[in-house]
Amino acid sequence: MQPGDFFEGGAELVGKVVLVTGAARQLGGRFVRRIQRDPDVERVIAVDAVTPPHRLGSAEFVRTDIRQSAIARVLAEHAVDTVVHLAVTGGSAGTGGAHSTVKETNVIGTMQLLGACQKSPTVRRLVVKSSTSVYGGTSRDPAVFTETTEPKSLPAGGFAKDAAEVEGYVRGFARRRPDVAVCVLRFANILGPYADSALAEYFSIPVMPTVLGYDPRLQFVHEDDVLEVLRLAAREPRRGTLNSGTFNIAGDGVLLLSQCSRRLGRPTLPLLLPALNWVGSALRAVGATDFSPEQIRLLTHGRVVETTQMREVLGFEPLYTTAETFADFARSRGSGLLPPERVGRAVDRVAAMLDADGLDGLKDDAYAAEGAKR
Amino acid sequence: MADAKVIPFDEDRPRRRIPRRVRAVPAADPVVEPPAGPEPAPAAAPGDSWDRRIAGGLAFLRRRVTGDYEVDDFGYDKELTDQVLMSLMRPLYDKYFRVEVKGIENIPAEGGALIVANHSGTLPLDGLMLQVAVHDHHPAERHLRLLAADLVFMLPVVNELARKAGHTLACAEDAQRLLEAGELVGVMPEGFKGIGKPFGDRYKLQRFGRGGFVSTALRAGTPIVPCSIVGAEEIYPMVGNAKTLARLLGVPYFPITPTFPWLGPLGALPLPTKWTIQFGEPIPTDGYAAEAAEDPMLMFNLTDQVREQIQHTLYKLLVQRRSVFF
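Parameters at a glance
Residue numbers restart at each chain and count upward from 1, following the sequence in its written direction. In the order they appear in the text, chains get letters beginning with A and ligands get numbers beginning with 1. The model is predicted, so local features are restricted to residues of pLDDT at least 70 and side-chain atom pairs to those at 80 or more, both for listing and for counting; the totals for chains, interfaces and linings are taken over all residues. Calculation of side-chain values draws on the structure's entire complement of heavy atoms; hydrogens and water are dropped beforehand. Strands here mean DSSP runs of E at least two residues long; helices mean DSSP runs of H or I at least four residues long; both are numbered from the N terminus. Only protein chains enter the accessibility calculation, which uses a 1.4 Å probe; a residue whose area is less than 20% of its type maximum is buried, one above 50% is exposed, and one in between is partly exposed. The contact criterion used is simple: two residues touch if any of their non-hydrogen atoms lie within 4.5 Å. All accessibility values rest on the Shrake-Rupley procedure with a 1.4 Å probe; residue burial counts only the protein chains present in the view. Remark: nonpolar core denotes a set of buried residues (Ala, Val, Leu, Ile, Met, Phe, Trp, Tyr, Cys) joined through side-chain atoms within 4.5 Å. The source of the domain bounds is an automatic or database domain assignment. What counts as buried area is the accessible surface, traced by a 1.4 Å probe, that two parts surrender upon association, with contributions from both included. Each salt bridge in this description consists of a side-chain nitrogen of Lys or Arg and a carboxyl oxygen of Asp or Glu lying within 4 Å of one another. Polar contact criterion, stated in full: a pair of N or O atoms within 3.5 Å, where within protein one must be able to donate a hydrogen and the other to accept it, and residues adjacent in sequence count only if both atoms are side-chain atoms. Side-chain classes follow a simple rule in which Ala, Val, Leu, Ile, Met, Phe, Trp, Tyr, Cys and Pro form the nonpolar group, Asp, Glu, Lys and Arg form the charged group, and the remainder, Gly included, forms the polar group. Here an axis means a line fitted to C-alpha atoms, over the contact stretch when the element is a helix, while the angle between two N-to-C directions is reported on a 0 to 180 degree scale. With respect to orientation, any angle under 35 degrees is reported as roughly parallel, any angle over 145 as roughly antiparallel, any angle of 65 to 115 as roughly perpendicular, and every other angle as oblique. Left-handed describes a crossing whose near helix is turned anticlockwise from the far helix by less than a right angle; the clockwise case is right-handed. At least two DSSP bridges between two strands are required for those strands to pair. By this rule, a helix spans an expected 1.5 Å times one less than how many residues it contains. Patches in this entry comprise residues that are over 30% relatively accessible and not in a salt bridge; like charges within 9 Å are linked, as are nonpolar side chains (Val, Leu, Ile, Met, Phe, Trp, Tyr) within 5 Å. UniProt positions are given in the numbering used here, feature names are shortened, and annotations may be inferred rather than shown by experiment.

- You'll find chain B entered in an unreviewed UniProt entry as 1-acyl-sn-glycerol-3-phosphate acyltransferase, with Streptomyces avidinii given as the organism.

## Examining the overall build of chain B
Then step 1. Along its length, chain B carries 11 helices and nine strands.
Then step 2. Put simply, chain B has 326 residues, and 49% of those count as buried.
Then step 3. Expressed as a percentage of contacts within chain B between residues at least 6 apart in sequence, the contacts between residues at least 24 apart total 77%.
Then step 4. Looking at chain B as shown, the accessible area adds up to about 15,600 Å², and 62% of this sits on carbon and sulfur atoms.

## Remarks on the nonpolar core
Then step 1. Of all hydrophobic cores here, the largest spans 66 residues; its most connected members are A:Leu19, A:Val83, A:Val84, A:Leu185, A:Phe187, A:Leu230 and A:Ile249.
Then step 2. When residues of this core are assigned to their parent elements, the largest contribution, seven residues, is made by helix H7 (residues 223-234) of chain A.
Then step 3. Residues within four places of A:Phe187 in sequence aside, it is in contact with A:Lys129, A:Ser130, A:Ser131, A:Thr132, A:Val221, A:Val226, A:Val229, A:Leu230 and A:Ile249.
Then step 4. Grouped together as the second largest cluster of nonpolar side chains are 35 residues, A:Val254, B:Ile224, B:Ile283 and B:Leu317 included.

## A closer look at the domain arrangement of chain B
Residue and element names in this part refer to chain B.
Then step 1. In terms of domains, chain B is made up of domain 1 (37-69) and domain 2 (75-235 + 270-320).
Then step 2. Of note, the centres of domain 1 and domain 2, computed from C-alpha atoms alone, are 32 Å apart.
Then step 3. Each partner contributes residues to the interface: domain 1 has five residues there, and domain 2 has five residues.
Then step 4. Carbon and sulfur atoms make up 43% of the area that domain 1 and domain 2 hide from each other, which totals about 470 Å².
Then step 5. Three residues, Phe 60, Arg 64 and Tyr 69, lead the burial of domain 1 against domain 2; their summed loss comes to 74% of the area buried on that side.
Then step 6. Here domain 1 and domain 2 share three salt bridges between them.
Then step 7. Counting every contact that joins domain 1 to domain 2 gives three residue pairs in polar contact (both at pLDDT 80 or more).
Then step 8. Its residues placed into classes, the side of domain 1 that touches domain 2 shows two nonpolar, one polar and two charged.

## Regarding the environment of B:Ile229
Residue and element names in this part refer to chain B.
Then step 1. Among the structural elements, Ile 229 can be located in strand E6 (residues 224-230).
Then step 2. Classification of Ile 229 as buried rests on a relative accessible area of 0%.
Then step 3. Between the C-alpha atoms of Ile 229 and Val 99, which are 130 residues apart in sequence, the distance is 9.6 Å.
Then step 4. Dropping the residues within four chain positions of it, Ile 229 is found in contact with Ala 117, Asn 118, Asp 126, Leu 130, Met 188, Tyr 203, Trp 275, Thr 276, Ile 277 and Leu 314.

## Observations concerning the packing of helix H3 (residues 78-96) of chain B against helix H4 (residues 125-137) of chain B
Residues and elements named next belong to chain B.
Then step 1. The N-to-C vectors of H3 and H4 enclose an angle of 110°; their axes lie 10 Å apart at closest approach. The orientation of H3 relative to H4 falls into the category roughly perpendicular. Remark: the crossing between H3 and H4 carries left-handed chirality. Contacts between H3 and H4 involve Thr 81, Asp 82, Met 86, Met 89, Arg 90, Leu 92 and Tyr 93 from the former and Leu 125, Leu 128, Met 129, Gln 131, Val 132, Ala 133, His 135, Asp 136 and His 137 from the latter.
Then step 2. Each residue belonging to the contact of H3 with H4 can be placed in one class, and the counts come to nine nonpolar, four polar and three charged.

## Observations regarding the sheet that holds strand E3 (residues 144-148) of chain B
All names here are of chain B.
Then step 1. Read across the sheet, seven strands follow the order E1-E9-E6-E2-E5-E3-E4 without closing on themselves; strand pairing throughout is mixed. At either end of the open sheet lies a strand with only one pairing partner, and these are strand E1 (100-102) and strand E4 (168-169).
Then step 2. Sheet contacts for helix H9 (residues 212-220): strand E2 (113-117), strand E5 (184-187) and E6; angle to E2, the most-contacted strand, approximately 165°.

## Structural notes on the interface of chain B and chain A
Then step 1. At the interface, 41 residues of chain B touch 42 residues of chain A.
Then step 2. Seen at the junction of chain B and chain A, the total is three salt bridges.
Then step 3. Here A:Asp215 and B:Lys164 are joined by a salt bridge, their closest N and O atoms 2.8 Å apart.
Then step 4. For the pair chain B and chain A, the number of links is 14 residue pairs in polar contact (both at pLDDT 80 or more).
Then step 5. No other element matches helix H2 (residues 46-65) of chain B, which puts 12 residues into the side of chain B that touches chain A.

## Points about H4(B)
All names here are of chain B.
Then step 1. Look at H4: 18 Å from first C-alpha to last across 13 residues, which is about the 18 Å you get at 1.5 Å a residue.
Then step 2. Within H4, 12 of the 13 residues are buried, which leaves it mostly tucked inside the rest of the structure.
Then step 3. Along H4, the positions that sit buried rather than exposed are Leu 125, Asp 126, Gly 127, Met 129, Leu 130, Gln 131, Val 132, Ala 133, Val 134, His 135, Asp 136 and His 137.

## Focus: the sheet that holds strand E6 (residues 181-187) of chain A
Residue and element names in this part refer to chain A.
Then step 1. In space, the seven strands of this open sheet follow the order E3-E2-E1-E4-E5-E6-E11, with parallel pairing throughout. Two strands close off the open sheet at either side, each with one partner strand: strand E3 (60-63) and strand E11 (245-249). Adjacent strand axes in the sheet meet at a mean angle of 20° when their direction is disregarded.
Then step 2. Of the strand pairs in this sheet, strand E4 (residues 82-85) and strand E5 (residues 125-131) are connected by four bridges, and their pairing is parallel. Within the sheet, the bridge partner assigned to Val 83 lies in E5 and is Leu 126.

## So, a nonpolar patch on the surface
Residues and elements named next belong to chain A.
Then step 1. Taken together, Val 207, Leu 269, Leu 337 and Leu 338 make up a surface patch of nonpolar side chains, about 340 Å² in accessible area.
Then step 2. Mapped onto the elements, Leu 338 comes out in the loop between helix H12 (322-333) and helix H13 (340-356).
Then step 3. For Leu 338, a relative accessible area of 46% translates into the label partly exposed.

## Comments concerning the packing of helix H2 (residues 26-35) of chain A against H7(A)
When two helices pack together, you describe them by how their axes are tilted relative to each other and by the distance separating the axes.
Residues and elements named next belong to chain A.
Then step 1. Interaxial distance between H2 and H7 falls to 10 Å at its minimum, and their mutual angle equals 55°. Relative to H7, H2 is oriented oblique. As for how H2 packs across H7, the hand of that crossing is right-handed. In this structure, H2 uses Leu 27, Arg 30, Phe 31, Arg 34 and Ile 35 to contact H7, whose residues at the interface are Glu 223, Asp 224, Val 226, Leu 227, Glu 228, Leu 230, Arg 231 and Ala 234.
Then step 2. When its residues are assigned to classes, the contact of H2 with H7 shows seven nonpolar, no polar and six charged.

## Considering the UniProt feature "domain: Phospholipid/glycerol acyltransferase" (unreviewed entry) in chain B
Then step 1. The positions UniProt marks with the feature "domain: Phospholipid/glycerol acyltransferase" (unreviewed entry) are residues 113-232 of chain B.
Then step 2. The span residues 113-232 of chain B shows a helical share of 39% and a strand share of 19%, and its end C-alpha atoms are spaced 23 Å apart.

## A closer look at the environment of B:Ile224
Residues and elements named next belong to chain B.
Then step 1. Mapped onto the secondary structure, Ile 224 falls in strand E6.
Then step 2. Taking the relative accessible area as the measure of exposure, Ile 224 reaches 0% and is therefore buried.
Then step 3. Excluding anything up to four places from it in sequence, Ile 224 contacts Leu 114, Val 116, Val 214, Ala 217, Glu 281, Pro 282, Ile 283, Thr 285 and Val 306.

## Quick word on helix H8 (residues 257-264) of chain A
Residue and element names in this part refer to chain A.
Then step 1. Across the eight residues that make up H8, a large majority, six, are buried.
Then step 2. Listed in full, the buried residues belonging to H8 are Leu 257, Ser 258, Gln 259, Cys 260, Ser 261 and Leu 264.
Then step 3. Within two residues after H8, Gly 265 carries a phi angle of roughly 80°, on the positive side.

## Digging into the pattern of salt bridges
A side chain of one charge can pair with a side chain of the opposite charge if their charged atoms are brought near each other.
Residue and element names in this part refer to chain A.
Then step 1. Applying the stated criterion across every chain yields a total of 36 salt bridges over all chains.
Then step 2. A salt bridge links Arg 311 to Glu 317, with the nearest nitrogen and oxygen atoms 2.7 Å apart.
Then step 3. The class of Arg 311 is partly exposed, set by a relative accessible area of 23%.
Then step 4. Via salt bridges that share partners, Arg 34, Asp 38, Glu 228 and Arg 231 belong to a single interconnected network.

Put into structure tokens, the structure is as follows:
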């Protein structure tokens, strides 16, 4: 991406005022710091109900709960023209709150925010962070979801249901305010060195419980790509692209859960579905991780989305593929009980033992072939 | 059988047999690129060949245990399919059912195509054998991507293996995506009606669903290759169907054969019938207008054409067959 791109979509004379919700979360904080460096952004207003533990740079932090109507005042006071709504979260250990609080922030907060936006004469652009979990995921779903795929069964609860409801409200808002460009970004599982999502926590369990007889396909998107695409969505579209609408955002390619565990070097413990539910509630009870029914669903059927719209309409090319995102994440987490290097060396030792029996040079051939593949 | 009269002419014609490809020398075919994996090259000495095989196996093992392999969006694991799953099915294919393949040249060497086959045999072994047949006999070693029922993806273990072997759910979205990606897609439109039909109805094609496969092929502009499989009907002669038990287990039918469930697991052994798989002349679909896929009349006509062709070939193969088992 060239720096010149910023000015391509119509040079704005007045700098933009961007309001970012959910700034106390890791991702929100990073986005606030990132977007204030954009030359066409004049001011950044960061909003959250709790004081962020991280720096927000030159951004103005307003501590307000978006579930309260005070958010309308904030919008009016600062003449905000771009709203980036990141306070739609799965609510992992970072927030410390029970799910009811998270759900309220997700749903009631979005309703309040949208109400405030509808009243505001200055808002011209709304970006909402959603998730590919709105597609659900059952055995009767197609292998790859497109933006227009209707979920076979609506998510029964948890974050997926919140996200689906939030999207419903956002669609209603887009109908009532056709003058506001609305962009809904459905992110695949966000991973990276700073990830604090439930899935990142799951990948940190020394022995990962899995569903016996299922090997889900997973797709990841890197944090850096998330920030980039949010920036792209928050400004005027570049020539030939359109940044309003709904887009799936995911890195290229697919990893199976078994591949993930091997690349992380963390062994898996396959459990029958009922047993896994039980282990999940036990882990939740001790606060080890948020092992929700929704996450078990992801770990059963997996979820893969199509990203053609992201490339061709939104004009966004992620820097990281799914595998690269996972590699970056794995590096930041340190090795597990069975690091792939050590396992690989064990196989090499077996090969060396056979080599001693007269397999001269052949191993090297195999290695050369392997090297060529890499 | 209305066309019984044509038999003598058919019998007179010398039967064309495709010479079985010699499996031991995979690189013998000049068209075929050497496989990506470190599969052993044709060996000079037998001992050398074994050494190479072990080295190749270890390299394969190393990639598997470190997770260093790739799967596509559908979960298809090419390496695992080629090196493990296919090898597991091959004895059944070569030795047990002794599958004879005819008309493999009707499958295009590249680009998408939809193979439409009849479905039978209580368990979907015919689909798996079709997959091996296409891969082992086609000069380009094409991989068949089968469309399977949702039951397959509900069962633990089975769903995992099916995805890794390249199968996916039989729905228009998946089929079209695969066809547009230039893959060879296999579908058995009879579904459970075909595979779970009583033994008395063998080789009588059932209704071909709603003809969704035709509109999918039309949208993707890929040819339809009709395929007739003879021999699969007799592997489990289904003489009864325990409907109540099936409903309790949540499966579409519960087969009762002369041996199953009376002999327990032994009764689940398929009968060693002799199979013939014949691929017919491809039916082109690229000559139609864009809105043709929405035309129900055309859909029904094309569906009937495919169905007739498969049924006709089935009858022809049946009269040529000397015995069920040889």
